[in-house]
Structure formats: C-alpha cells, structure tokens
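This is what each chain is made of:
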Amino acid sequence: MAHTDAGAELDPVHPVPVPFPVPPTRATRPEGLTRAEVAERLARGEVNDVPVRSSRSLADIVRANVLTRFNAIIGVLWLIMLCVAPIQDSLFGFVILANTGIGILQEWRAKQTLDSLAVIGEARPTVRRDGTAVAIPTSGIVLDDVIEVGPGDKVAVDGACVEADGLEIDESLLTGEADPVAKRPGDHVMSGSFVVAGGGAFQATRVGREAYAARLAEEASRFTLVHSELRTGISTILKYVTWMMVPTAVGLVISQLVVKDTDLRESLARTVGGIVPMVPEGLVLLTSVAFAIGVIRLGRKQCLVQELPAIEGLARVDTVCLDKTGTLTEGGMDVTELRTLNGHDESYVRQVLGALGESDPRPNASLRAIIDACPDSEEWRCVESLPFSSARKYSGASFEGNGESSTWLLGAPDVLLPAGAPALAQTGQLNERGLRVLLLARAARELDDPEVARDAVPAALVVLEQRLRPDAADTLRYFAEQNVRAKVISGDNAVSVGAVAAKAGLAGAAVDARRLSAGREAMARELDEGAVFGRVTPQQKRDMVGALQSRGHTVAMTGDGVNDVLALKDADIGVSMGSGSEATRAVAQIVLLDNSFAVLPSVVAEGRRVIGNITRVATLFLVKTVYSVLLAVLVVCSQVDYPFLPRHLTLLSTLTIGVPAFFLALAPNTERARPHFVRRVMRYAVPGGLVAAVATFVTYLIARHHYTGPKALDAETSAATLTLFLVSMWVLAIIARPYTWWRIALVAAMGGAFVCVLAVPALQHFFALRLVGTAMPWLAVGTAVAAAAVLELLWKWVAHRFPA
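Below is a short write-up of the structure. (Residues numbered from 1 in each chain as written. Predicted model: local features only at pLDDT ≥ 70, side-chain atom pairs only at ≥ 80, totals over all residues. Heavy atoms only, no water.)

We now examine the overall build of the protein chain. Of regular secondary structure, the protein chain possesses 27 helices and 21 strands. Expressed as a percentage of its 804 residues, the buried residues of the protein chain come to 57%. In the protein chain, the share of contacts with a sequence separation of at least 24, taken over all contacts with a separation of at least 6, comes to 72%. (Helix = DSSP H or I, 4+ residues; strand = E, 2+ residues; numbered from the N terminus. Buried < 20%, exposed > 50% of the residue type's maximum accessible area, 1.4 Å probe, protein only. Contact = heavy atoms within 4.5 Å.)

Residues Glu358, Asp376, Glu378 and Glu379 make up a contiguous surface patch of negative charge. Relative to the assigned elements, Asp376 resides in the loop between helix H12 (365-373) and strand E11 (381-389). On the basis of relative accessible area, Asp376 is assigned to the partly exposed category, the value being 36%. (Patch = residues over 30% accessible without salt bridge, like charges linked within 9 Å, V, L, I, M, F, W, Y side chains within 5 Å. Areas by Shrake-Rupley, 256 points an atom, 1.4 Å probe, with all protein chains shown as cover. Salt bridge = Lys/Arg side-chain N within 4 Å of Asp/Glu carboxyl O. Lys, Arg positive; Asp, Glu negative; His and termini not counted. Charge placed at Lys NZ, Arg CZ, Asp CG, Glu CD.)

A few words now on the environment of Arg801. Structurally, the position occupied by Arg801 is in helix H27 (residues 775-801). Look at Arg801 and you get partly exposed, because its relative accessible area is 48%. In this structure the C-alpha to C-alpha distance between Arg801 and Arg683, which are 118 residues apart in sequence, comes to 10.0 Å.

Right, let's talk about the packing of aromatic side chains for a bit. Counted according to the given criterion, the structure contains 10 aromatic pairs. When the centroid spacing of 5.6 Å and the interplanar angle of 55 degrees are considered together, the rings of Tyr240 and Trp243 count as tilted. Of this pair, Tyr240 and Trp243 both sit in helix H7 (residues 229-259), three residues apart, which is roughly one turn of the helix. On the basis of relative accessible area, Tyr240 is assigned to the partly exposed category, the value being 40%. The exposure class assigned to Trp243 is exposed, which follows from its relative accessible area of 55%. Seen from their ring centres, Tyr348 and Trp380 are 5.8 Å apart, and the 55 degrees between their planes marks the pair as tilted. Of the two residues, Tyr348 sits in helix H11 (residues 346-359) while Trp380 sits in the loop between H12 and E11, which places them 32 residues apart along the sequence. An identical accessibility class is assigned to Tyr348 and Trp380; each is buried. (Phe/Tyr/Trp six-rings, centres within 6.5 Å; stacked < 30°, edge-to-face > 60°.)

Burial along strand E1 (residues 126-129) is two-sided: Thr126 and Arg128 and Val127 and Arg129, pointing in opposite directions, are all buried. With three bridges connecting them, E1 and strand E3 (residues 146-149) associate as antiparallel partners. Bridge assignment links Arg128 to a residue of E3, and that residue is Val146. One ladder, built from four bridges, connects E1 with strand E2 (residues 132-135); its direction is antiparallel. Counted as the bridge partner of Val127 is Val134 from E2. Where E1 hands over to E2, the hairpin turn is made up of two residues, of which Asp130 adopts a positive phi near 55 degrees. (Pairing = 2+ DSSP bridges.)

Tallied over the entire structure, the rule returns 24 salt bridges. Between Arg514 and Asp414 there is a salt bridge; the shortest N-O distance is 2.8 Å. Taken together, the residues Arg514 in the loop between strand E17 (510-512) and helix H17 (520-529) and Asp414 in helix H13 (residues 413-416) connect sequence positions 100 residues apart. As a salt-bridge pair, Asp512 and Arg514 come within 2.8 Å of each other at their nearest N and O atoms. Owing to a relative accessible area of 11%, Asp512 belongs among the buried residues under this scheme. Several salt bridges share partner residues, and in doing so they unite Asp414, Asp512, Arg514, Arg515 and Arg535 into one network.

Across the sheet, which stays open at both edges, the eight strands sit in the order E8-E21-E20-E19-E9-E16-E18-E17 with mixed pairing between neighbours. If you trace the sheet from one side to the other, it starts and ends with strand E8 (303-305) and E17, each paired once. Geometrically, the sheet is characterised by an average inter-axis angle of 20 degrees between neighbouring strands, direction not taken into account. Where E8 meets strand E21 (residues 590-592), three bridges bridge the pair, whose relative direction is antiparallel. In the sheet register, Val305 faces E21, and the bridge partner there is Ile590. Against the sheet, helix H16 (residues 494-503) touches strand E16 (485-489), E17 and strand E18 (532-534), its axis set at about 145 degrees to E18. (Axes fitted to C-alpha atoms, helices over the stretch in contact; angles between N-to-C directions.)

The grouping of Leu79, Leu82, Ile87, Phe94 and Leu97 at the surface amounts to a nonpolar patch, some 470 Å² of accessible area in total. Of all the secondary-structure elements, those providing two or more residues to the nonpolar patch are helix H3 (69-84) and helix H4 (91-120). Within the secondary structure layout, Ile87 lies in the loop between H3 and H4. Take Ile87: its relative accessible area is 46%, and that puts it in the partly exposed class.

Take the pairing of E3 next. Every regular strand shows the same layout, with side chains that alternate between the two sheet faces. Side chains of E3 alternate between two faces, with Val146 and Glu148 and Ile147 and Val149 buried alike. Here E3 pairs with strand E7 (residues 194-206) via four bridges, running antiparallel. Along E7, the bridge assignment pairs Val146 with Gln203.

Once that is clear, we can look at the side chain of Thr783. Note on placement: Thr783 falls in helix H27. The exposure class assigned to Thr783 is buried, which follows from its relative accessible area of 16%. With near-sequence residues (within four places) excluded, Thr783 lies in contact with Ala695, Thr699 and Thr723.

Before going further, it helps to examine helix H14 (residues 422-432). Within the sequence span of H14, burial applies to Ala423, Thr427, Gly428, Leu430 and Asn431. One face of H14 carries all of its buried residues, which in axial projection span an arc of 165 degrees. In H14, the exposed residues that point more than 90 degrees away from the buried face are Pro422, Gln429 and Glu432. One or two residues past the end of H14 sits Gly434, with phi positive at roughly 80 degrees. (Arc of directions from axis to C-beta.)

A separate point is the side chain of Thr721. Its place among the elements puts Thr721 in helix H24 (residues 712-735). Apart from the residues within four sequence positions on either side, Thr721 is in contact with Phe644, His648, Leu652, Phe754 and Leu769.

Leu314 and Ile590 are the most contacted members of the largest nonpolar core, which totals 123 residues. Top element by residues in this core is helix H21 (residues 600-638). It accounts for 16 residues. In terms of nonpolar packing, the next biggest core, distinct from the first, is built from 26 residues, Ala524, Met544, Leu568 and Ala583 among them. (Core = buried A, V, L, I, M, F, W, Y, C linked by side-chain atoms within 4.5 Å.)

Glancing now at the packing of H24 against H27. Close contact between H24 and H27 brings their axes to 8 Å; oriented N to C, the two are set at 30 degrees. Regarding the angle of H24 to H27, the classification is roughly parallel. Note that H24 runs across H27; the crossing there is right-handed. Two secondary-structure elements touch here, H24 through Ala719, Leu722, Thr723, Leu726, Val727, Trp730, Val731, Ile734 and Ile735 and H27 through Met776, Pro777, Ala780, Val781, Thr783, Ala784, Ala787, Ala788, Leu791, Glu792 and Trp795. By residue class, the composition of the contact of H24 with H27 is 17 nonpolar, two polar and one charged. (Parallel < 35°, antiparallel > 145°, perpendicular 65-115°, else oblique. Left-handed = near helix turned anticlockwise from the far one by under 90°. Nonpolar A, V, L, I, M, F, W, Y, C, P; charged D, E, K, R; others polar.)

Glancing now at H17. Among the residues making up H17, those that are buried are Met523, Ala524 and Leu527. Taken around the axis of H17, the buried residues stretch over an arc of 105 degrees, which confines them to a single face.

Our focus in this paragraph is the packing of helix H22 (residues 646-665) against H24. At a closest axis distance of 9 Å, the pairing of H22 and H24 adopts a crossing angle of 10 degrees. On the basis of the axis angle, H22 is roughly parallel to H24. Contact residues: H22 offers His648, Leu649, Leu652, Leu655, Thr656, Pro660 and Leu664, while H24 offers Thr717, Thr721, Leu724, Phe725, Ser728, Met729, Leu732 and Ile735. Across the contact of H22 with H24, the residue classes break down as 10 nonpolar, five polar and no charged.

Following Arg737, the chain continues into Pro738 via a peptide bond in cis, with omega recorded as -5 degrees. Looking at the element boundaries, Pro738 is found in the loop between H24 and helix H25 (741-759). We note that Asp455 has phi near 65 degrees; this positive angle belongs to a residue other than glycine. Its place among the elements puts Asp455 in the loop between strand E14 (436-442) and strand E15 (457-468).

Pasting the structure below:
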C-alpha cells in the first residue's frame, strides 16, 4: 500500500493514510468506521468538539477590555464633561478609547499567534477508518472511532479497550493512582490519561464535553490572563484604590458643589478633574499589552505559551530541571559498537536485535537506532512481548525461529545484571566517555515472570552515542550567569549522564538516584548539593521536584518523554519539546515547537522583561493615584477650589506616565522577578504620592495668597501644575534608572514637550496654562526641587528599611 504524509491532512472524513505495523500475535483487527459512518456521526454532532485551549473569541476579548469597573467610572465622567466643559477637558475620554483599542488589538494579535502555533503543535491521534490507520486532529474523532495508542500518547476521549499488547496506562493525573494500570480488552480507558508502555487500541465511547477529562478541565483549559502573582497583585491594588476613591470622590463632590459658591460648570469640571486621576486606568492595559507582546515575540521563535502566566512564572524560576535525552542531547542516536559477551556470535546477536526491534510497533529512540543498525530477519517470529517501561528500564520478547524458542531482554546493564558482574566494568568505562550502553541478555525465565531478569545470560553490549545539542553549553552558561541553578535529572546511567553534562559545561559528580534518601527533607538537602542525577524513575522525578519546591525553590522542568509527564505537571513551569510525546505537550505550559533548547533563555528573558517593567511602571501609575487621593482630601479639608481641570491632569498623565510607561514596559529587563509585588510597588508609590501631593498643595496655597483678581484661579492652577509636573518628572527620572541613552532622551523629550506647552500661545490657551509674573513660578520650581530632594532621601530610606 502506498502511504502519504499524514501531517498534511486536516479533514476528519477524508484523512490521509499512514502506515501501521501489525503485531504478529493477532490475526484480526477491528476495521474501524467507514466514511459513511463518520459522516453520519458528524451530522448528529457526535464529534470531539472540546473547546480550543488557550483561545477566546474576539467578542470575549472586546468584552474583557471594555466592560471594566474603571471604564464605567471614566465613561460616566466623560459624558458629564462632554456636556458641561470645553472639549479639551474631555481629552481623558479619548485617551481611554485609544488605550482600550490598543489593548484589544494586541490581545487579538496574541490570540492569532497562539491559535496558529497551537495548530502546529496539535496532537494527531491515529484512528482506523475503512480498515486503514489515519492521522487526524483530536477534534475530528467521532463516537465509536477505533483509536490506536502507544508509549507517550495521551488518551483523547473515553473509551473501551479493544486491543492490548502489554498496554500500561498512567491515570495518576486523574485519579491520583501512582502505579500504571495494565489494560486488557474490555477495560475502560479515561481521557486525560497517557500510555507509559506497550500499545493497543480502544473504541471511543464518550467524546467532546462528555469525556471525563473534558468535564474536569473545560474551564481551566480556556485562554486566561489570571492565576499569576502579577495580575492578582494588580487586582488587589485596584480593590484598595476603589475603596479610597468612593469616599474621597463623594467628599470632593460635596465640597465643590455645595460648600463652594462657584459656577456650576466650573465646579463640575474641577470635581471630575479630581476624580479621574485617581483611576490607574493604564495599568491593566499595559499589563495586558506586555503579556500579549510577550506571546507574539516568543511565537516568532516557535515557542507556544499554552498558559500566559507561564511567561511570568519562568521569570521567577531559580532552579531548572533538565532531562538529558532530547534536552541536552538531540533526540536521535547511533549504534557505534556491538560488544559480544560469553562467546555469542555477532551475526546471531544482530538477528536477535533486529527481531527485538521488529517486535515493538512504537520503538523509542534507542530501539530505532538498533533497528537502523540491525535489520529484521524474517526467520524470527515474536510470540510475546514486554514493552519498555521507564520504571523497569528494560523491554523483552519471546521468539520462535531457527528451530528454537528463546526469550530476550534489552535494557540497562546495572538493572539486568547483579552487582560485580564482569560486563558492568566495561559498561562503566563506556559510560565515562558519555556513551549510552544497553545490555542484550537471554532470559532463563518466562517473560511474564516477575523476576524474569534473574539469572539472565549477558549476550552483548550495545553502545549508543547521543549527539550533544550545539546550543546546550551556551544555554547552561546563561542560566549560571542569571543565578538559575540547573539540575540534570535522567533515567540513564549516572556516570553516562555525568559525562554528557560535563561536556555541556555542568560541573559536579553524578549521583545515582537509587541511593537518594526517601524522605523529602533529606532528599532536598542532597538535591541542593548535587547537580547531575542518573537512574531516576518517573516517580522519583516527581518527588525531586516536590523536594526542591519544599525548600522554597521555583522549579521549571523540561522534558520530552512520557517518563517526564508527572514531574512536568507538578513543576511550577513545565517545558516540553515539540517532538516530545503527546502527553508531555498536553501538561506543559510552554512547548518549544522547533525543539530548540536555546529558546529557553529567550523565554526567561521575556518573563523578566514583563515582570520587571510592569513593577517599574506600576509605581508611576500608583504615585498618581496616591497624590490624586491626597490632593482631594486636602481640598475637602481646606474647603478650597480643586486646583486642576481635567485637561491639566490629562497633560501631566500623558507626559509623566502614559508615554514613558509604554516605552519602559517594553524595554529589555534581565532582573530576576522577585515576590511580593504589591509590597514592592506600594513602598515607593505611597511616599512618592505623599511628597507630590504636599508639594503641590503648598504651592497652591501660597499662590492663592499671592494672586488676586478675576483670573487668579487660572494663575494659581498654572503654578500648582508646574510644581506637580516637576515632582512627577523627578519620580519618572528615578523610575527610569539605571540610565541608558534612550531613557535619558525619553525623560528629556517629556520635559521638552511641557516647555513647548508653556511657550506656545496656542497650547497655553488650549491647556489653560499661563505662568503669571516671575516670583510665583520660581517659588513653584523651588518647592519642586525641595520635594525632589526629600523624595530621593525618602526612597533611599524605604529601600533600606523595607527591602524587597
């Protein structure tokens, strides 16, 4: 039969055939559904129409960006200003419209990037249609489809097992049961579980939202921007801001409309001018934009971020656990040597190895290398097989051929042989060179014997060479420079793993995980001391991640094999290779679609850029909120006119916060993210806002005594605006540190723009700003300089008294 590329076909009704091996132990196989039966089920809606992960509709994006509490407040105030004041006092509303539009556009672009990458990384299960195995999208599975599975495959829908060839399924992610469950025809299989050994097929009995895992995870699988310290911290801040705003705004309204005997329109304008700047409206927008741009940037590097907060999470990582195979080394292997033992003939050994390769319908990387080096002999017939398992670390098969029956095992020498066996000395020498060694042994017991490896006779050592990724050393060096500790955790021989890690530049003696302590505390201490661990079982990988987390470490786990799934799931951040098993891609938050380990530094850097910069600009926004609330309180207590119109604060917000924050939020930032976001932001925002409010109000009160006449309020406002602008600019100058040429240019440009407003008559009139005389403007400047000095001293004291 001619076969074509299954990856090109997306149509579930007319898929492209792909080859599938026929186990020699079965004479017949279920044929699967016909095209007509598939079309009939599609028409009835009996299809696996689960929600697309990491995606939401345009309507949801628009709703999330438009229908917010603060947009409602700003919208009402904007409508009031459009009715009672000149258009320049309504500029804040147009700014909000522009900000919201930018947020929607960037998130839509991020959605398109996520969706396109998700299609590339989408699992394509193999089903039988018209008696032929075909690869289709998961969403193309229909009720009663017969689905083939092998090691690493995730069970996409609920079903009943119809074929099993040593099939073992791990259901721990669903039931908590740690041990794999052997499946036989008639047994139930649950969606969300994954195959750890063997192969088989099952018939779909529940699809779509009726499937077990879909019912558990439908909500959690959707696109989300929550469940991160950053966004939770911002939500907490906004809650406190709301509590402060409501009583302050009520007091301001009463003060300006009832107590003061001024023009109604003027009072309304100044009241709104006092309320609007209390809202940190751009903070949420910039956070969303920063996340969205991060997704787009990583998408260009073929990095699929399945959960957006993963960008933030990896920035907080201080320990990264690496699986050797597929991460430090490339996926493929080569057989470089075959050493026969105990007088076995090499040609005979090659026949056995070829037969073992043919007996496994889904060979792993080691067995694929053996298949390439030792072609199958038709004289051998497999009568029983034992698939490879990461837990037992060997596979086996029983054969009939050449007039004899024999049982063979292939696996780790130090597992199959007793301590002190002569072959182990040769194995150790090869491992020290970074080579992988498998032992071929003839078993003296039946394959289903629990102690089948006992008394096995060694026949040959199969020497495999793994190719070190060319980017592995540079990536490990980057982690070391960034104070991120790397731990190599592998199921291979510890000496071999240590040799490979040493080639990649990771120093430290290799530790055999079988000698690690069982207790979490003791294991954590040993993990802190070591860097390379071999002979780690899948459950041990999970325990090691938990032990590291118990000591306060934020742990990232990378891997590509089914033995990494449990650890990936428990780690703070799971990173899977695109060529990895379906199960690893399903549980990982980040998938490296081009299998490039070198992309990880970019992911870490992107996370640090987002968190560091949002922390930086959040201080800008919240300084404005604090000084706005305090100014309103001072105005209410003093029973004076509010010093600003909305146009003044729109100008100040744009020049000292809005434009600079946009550039600062997207700038490079390599500082490792630190916890306690709210505390770190507020420890600077509160003193900064306090100094700005006091300095501005002092200038305003002095100006009220200095100026008289009908235009006095405008002159008083101009003097207060000058002081507030200069103090806000000093806050910006502090936030922009450490200085680079573009940051200095940014601060200078904002200052120059304000000077233009004061110097150009048309802009003076538009923004109602005109400095009268020389004494008061210079007093305003002097007050701002004194406030800047206080601010420097106060922030240094805060940094010393309340370290992050």
